[in-house]
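Notes for the structure review
What follows is each chain in one-letter form.
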2 protein chains.
Amino acid sequence: MSGNVSINLSESNLSESIQRTRTAAIALAKLPSMAKNDALEAIAIALEHQAEMILAANQKDVIAANQANLPSALIARLKLDSNKLKSMIAGVRDVIRLADPIGDRQIHRELDAGLVLERFSCPLGVIGVIFEARPDAVTQIAALSIKSGNGIILKGGSEAVHSCEAIASVMHDALAKLPNGGVSPDVVQLLTTRAETLAILKMDRLIDLIIPRGSNQFVRYIQDNTHIPVLGHADGVCHLYVDAAADLTKAVAIAVDSKTQYPAACNAIETMLVHRAIAPNFLPLALTALQERGVELRGCDRTQKIMAINPATASDWSTEYCDLILSIKIIDSVEEAIAHITTYGSKHTEAIVTEDQAIADIFMSDIDAAGVFHNCSTRFADGFRYGFGAEVGISTNKMSPRGPVGLEGLVTYKYRLVGHGHIVASYAGQNAKAFTHLDL
Amino acid sequence: MSGNVSINLSESNLSESIQRTRTAAIALAKLPSMAKNDALEAIAIALEHQAEMILAANQKDVIAANQANLPSALIARLKLDSNKLKSMIAGVRDVIRLADPIGDRQIHRELDAGLVLERFSCPLGVIGVIFEARPDAVTQIAALSIKSGNGIILKGGSEAVHSCEAIASVMHDALAKLPNGGVSPDVVQLLTTRAETLAILKMDRLIDLIIPRGSNQFVRYIQDNTHIPVLGHADGVCHLYVDAAADLTKAVAIAVDSKTQYPAACNAIETMLVHRAIAPNFLPLALTALQERGVELRGCDRTQKIMAINPATASDWSTEYCDLILSIKIIDSVEEAIAHITTYGSKHTEAIVTEDQAIADIFMSDIDAAGVFHNCSTRFADGFRYGFGAEVGISTNKMSPRGPVGLEGLVTYKYRLVGHGHIVASYAGQNAKAFTHLDL
C-alpha cells in the first residue's frame, strides 16, 4: 500500500500538495477521452484485484463503528460487502461509457468580420469532496472527476479512514503504473485529518468546488465555513401529499416505498400530508402497511383522532429523521399542502398521489423544488434512475445544476474571442460599426 | 408619483412585503410571453412619457453627489442624460425581442413504461438586485426579471435614491394600468434604506438570488453577508499580455482601448504584461498613446529602466483602479504571464496579443478565466457585444452562469416525474426491473 496517498501533511505543506493536484489537473484537462477512459479501466481492474484488501480494511472501520455505538444508519452507509464493491466497480465502468463532457462548443458566433466568439465546456479545476461514512462515494466521485478533467481532493470521515485509505491507495497505484501521457496519480489526493479539512475550506484560490456528502449538520457546517461554491444539500425534508382523489392502492404502495425503501436516503419522505376527505379510508391502510415495515408514525391532532399513534410536535415538520419514522398531517386542500411544503420543505423532491389531473397540475406547477413527482415514489430522485449514468450528488440549490447532478456539475465553460486587432471604440460613438452576430 | 413604490417599511413589514412579491411572481411565472411583452412595452412607453421627470430626479442626485465630492467614476455611472435614457428604454424593448426562456423542455425521457421524466426551465422566484450608483441598471434588470418570470426587489444606493424612485414609480404605475391578467405591480419593489438591505440578505427563504452591482468592496460585503446565491463579480483585475511576437500596431490599439474606452468598467485592464524581447520597441509607442489619453503608468523595475514612469509596488498587481492608471510588468515568457495572471487575476477577462499561434494556444488553454481573448480588446466582454441582447451582469464565479450573463442567469429548471403508482422497490433486489431510459 503506497504511503504517498495518506501522508499526514503539515498545514504549510498542504497548499503545496493541492497545488500539485492543480498542476496535474491542468494536464488532465487536455487529455483525449481515450487516455481518461484507459485510466478509469486501470482503476476498475485494480479495484477488482484488491477487493479482499479493501473489504478487510472496511471491516476494521465497521468493527470500530460498532464499538463506538455509531448510529445504525451511519453504519449501513459505511459497510461494504462484495455486492456493494461490485456495484462500486461497475460504477467506474459506467463512467467510461459516458460521453466526454469537455471541449463541447456551445456557442460559435461571428461578432463582426474577423472577430469570432466561441464558448467551450471545460473542467472546473480542482474539486474537494468531503464525506462522512460512505466509502463507495470515493470511486464514483473520483471517476467522474477524472472523466471531466478535474483534480480531486478526497476527505473521508474518520469512521471510514481505513476503507478510504485502501481505496485511494488502489486508485493511486493504478494511475502510477499508467504509461507516459496518462493520468498523473497527483490528480487524486486523500486527506485524513480534520485539520486538513478546515484548512482546505479556506483555499478558495486552489479549490473550485466543494461537494460535501453526509448529514445535515455536516453539510450546513461546510456551507457556513467556506467561500468556495458548495454543491449539495443540507436537508432532505421531502413530502408525499395524498390527495382526496388519490387511488388508495397507489397511495399506500408509494408511501411505503418513499419511506422504507432506503430510509437513510435524502429522497425518502419525512412527512405525509393527507387530505381530510380521504384520511378515514387511507390512514388505516397506510398504518398497517407502514407498521409492518417497522415505521413509527407520529400524527397531528386530527390524525390522532383517527388512529392511536404518537403525537407530532411542531419540530417534527422540519426534521429529517433518516430513520423509520414518519410524521402525518391532515390538511384541507392542495393549497394547504403547498403552503406546508413551502414552509417546511427543502426544495428536494415533493410528490402528489391523485387521479385528478387539475389538482396534479397545480401541485406540479406551484411547488418550488428540484423534483415534483406525480403518482410515483420520491425515491426515483437519483442520477442513475434518471439515466445520467452516475451522480455527484443531489443539489437543492436554486441555481442549476439542480436535482440529481451528473457530470454537468463538474464542468463549466469559458468564452474565447479571437480578433485581428479589433477594439471596442470602433463600435461606439457617432460612426459606430454594427455587430453582425452571425451564428456560425 | 406613487407613494407605494418607496414607502419606508418597518423590518417586520418587510418580509410580508417581499412575500407579496413572491406571490405575484408565482402568477407571473405562468403568464404567456405576450402578456410579459405587453407589460414591458407599457413600461417603455411610460419611461418615454416621463423622461423629463426622470432626468430632473437624476439631476438632484448628481448635484448632491458633486457636493459630497463622490469619486468621478461613481458620478459618471450615476449621471443620466437623454442619450443614456434613450438607450435605457431601447434596452427594455431589446428584452421584448428576446426569446422567452421559460417552459423550455430540456429533457423528455421515458424511465420505464408509464414513468416519464421531463425537465423544464422555470424562473428562480424572487431576485434581489442591489446596486450603487447606476440607475440605468434598474430598468434593464427589471425587464429581464419580468421576461424571465421573476419577482424583483430593487435596492439602489443612497446616492441614486431620487433617480431610482422616479424610475421605479414609472414602472410601477405602468404595470398598475395594465388590464386584468397582466403583470401585477407587486412583481417590482423598490427598497430605499440600508436597514432593508441588511434585512433582505437574511431572507434566504424569500429571495432566491442576489445580484450586486457596484464596487469591489460592495460586492465582497454582500458575498460575505448572505447565504443567498450571489451572481456577480467582486473584482475585475484584467490583464493584457503583449507577447514577443505581437504586432506592434494591434498591441498599441488594443492596449489603449482596453484601458481607456471606459476605465470604470470591470472589463478594462489594470495591468499590462510585456515580453522582454518586445518591450524596448513596444513600450515607447504605448507610453505615447496612453499618456495622450491621460493614463498614469506605473512600471516594474525593468520597465522603469526603459522609460521614466512611477514605480509599481506589489499592491498594484492586485488593484482594480477603475481609473486611468495602468501598471506594467516586463516578463520573460508566456508561462510567466500565465503564472502572474493566475496569482493576481480575478478570472474575468484576460487577453494576449501575438502573431504566434502556438503561444496563443497555450495562453487560451491554460488561462483560467471566464473570457480568454486573442488579438482583441478586453472591453468586448459584455452581453450586448456577445449578442445576448442584454445582460444581468458579468459573473466571475467558476460555476456557470459565467462571464456576461443574459436571461439564462435568471432561470433554473425543475424535474417532473409522472408515473402510475411506480415504486423504486420494483427496480431493486433480485428480480429488479430494468429502466428503459428512452429519450422521447
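Residues numbered from 1 in each chain as written. Chains lettered and ligands numbered in written order. Predicted model: local features only at pLDDT ≥ 70, side-chain atom pairs only at ≥ 80, totals over all residues.

Overview of the relation of the copies chain A and chain B
Turning chain A through 180° and shifting it by 0.0 Å along the axis lays it on chain B, with an RMSD of 0.0 Å. Look at the turn and shift together and you get a two-fold axis relating the two. When C-alpha distances to the rotation axis are compared across chain A, the minimum falls at S400(A), with a value of 4.1 Å. (Least-squares fit on C-alpha atoms with pLDDT ≥ 70 in both.)

Observations concerning the sheet that holds strand β1 (residues 105–112) of chain B
Hydrogen bonds between backbone groups are what pair the strands of a sheet, and the pairing can be parallel or antiparallel. Taken in spatial order, the 11 strands of this open sheet run β10(A)-β9(A)-β11(A)-β8(A)-β7(A)-β12(A)-β13(A)-β16(B)-β2(B)-β1(B)-β17(B), and their pairing is mixed. What marks the edges here is a single partner per strand, and that holds for β10 (310–311) of chain A together with β17 (438–439) of chain B. Two elements, β1(B) and strand β2 (residues 115–123) of chain B, share 6 bridges in a ladder whose sense is antiparallel. When the sheet's bridge partners are listed, H108(B) is paired in β2(B) with E118(B). Packing against the sheet, helix α11 (residues 279–292) of chain A makes contact with β7 (238–242), β8 (269–275), β9 (296–299) and β11 (325–331) of chain A, and its axis sits at approximately 155° to β8(A). (Pairing = 2+ DSSP bridges. Helix = DSSP H or I, 4+ residues; strand = E, 2+ residues; numbered from the N terminus. Contact = placed C-beta atoms within 7 Å. Axes fitted to C-alpha atoms, helices over the stretch in contact; angles between N-to-C directions.)

Let's talk about the domain arrangement of chain A
All names here are of chain A. The domain architecture assigned to chain A consists of domain 1 (3–231 + 392–414) and domain 2 (238–382). Measuring from the centre of the C-alpha atoms in domain 1 to the corresponding centre in domain 2 gives 35 Å. Within the residue set of the side of domain 1 that touches domain 2, elements represented by two or more residues are α4 (72–78), β14 (393–395) and β15 (403–405). With 3 residues, α4 is the single largest residue contributor to the side of domain 1 that touches domain 2. Looking at the side of domain 1 that touches domain 2, its residues break down into 4 nonpolar, 4 polar and 2 charged. (Domains from an automatic or database assignment. Nonpolar A, V, L, I, M, F, W, Y, C, P; charged D, E, K, R; others polar.)

Let's talk about helix α11 (residues 279–292) of chain B
Because an α-helix completes one turn every 3.6 residues, residues spaced three or four positions apart along the sequence face the same direction. Residue and element names in this part refer to chain B. The first and last C-alpha atoms of α11 sit 19 Å apart over 14 residues, in line with the 20 Å expected at 1.5 Å per residue. Within the sequence span of α11, burial applies to A279, F282, L283, A286, L287 and L290. With its buried residues spanning 135° around the axis, α11 presents them on a single face. Residues of α11 that are exposed and point over 90 degrees away from its buried face: N281, P284, T288 and E292. Remark: G294 follows α11 within two positions and exhibits a positive phi of approximately 80°. (Expected span 1.5 Å × (residues − 1). Buried ≥ 20, exposed ≤ 12 C-beta atoms within 10 Å, placed from the backbone. Arc of directions from axis to C-beta.)

Points about the environment of I367(B)
Residue and element names in this part refer to chain B. Relative to the helices and strands, I367 is located in the loop between α14 (357–366) and β13 (371–376). A sequence separation of 15 residues divides I367 from I352, and the C-alpha atoms of the two residues are 10 Å apart. Here I367 is in contact with I338, I341, E350 and V372, once residues within four sequence places are set aside.

Topic: the packing of helix α2 (residues 33–49) of chain B against helix α6 (residues 136–147) of chain B
Between two packed helices, both the angle of their axes relative to each other and the distance between the axes serve to describe the pair. Residue and element names in this part refer to chain B. Where α2 contacts α6, the two axes come as close as 9 Å, and the packing angle between them is 160°. By the angle class used here, α2 and α6 are roughly antiparallel. Here α2 runs over α6; the crossing is right-handed. Across from K36, A39, L40 and L47 in α2, the residues of α6 making contact are T139, A143, I146 and K147. Split by residue class, the contact of α2 with α6 holds 5 nonpolar, 1 polar and 2 charged. (Parallel < 35°, antiparallel > 145°, perpendicular 65-115°, else oblique. Left-handed = near helix turned anticlockwise from the far one by under 90°.)

Considerations on the sheet that holds strand β5 (residues 188–191) of chain B
Residues and elements named next belong to chain B. On the basis of which strands lie adjacent, the open sheet formed by 4 strands has the order β5-β4-β3-β6 and parallel pairing. At either end of the open sheet lies a strand with only one pairing partner, and these are β5 and β6 (209–213). Strand-to-strand, the axes of this sheet are offset by a mean angle of 20°, without reference to chain direction. Where strand β4 (residues 151–155) meets β5, 4 bridges bridge the pair, whose relative direction is parallel. By the bridge assignment for β5, K155 is matched with L191. Seen against the sheet, helix α7 (residues 161–176) touches β4 and β5 and runs at an angle of roughly 155° to β5.

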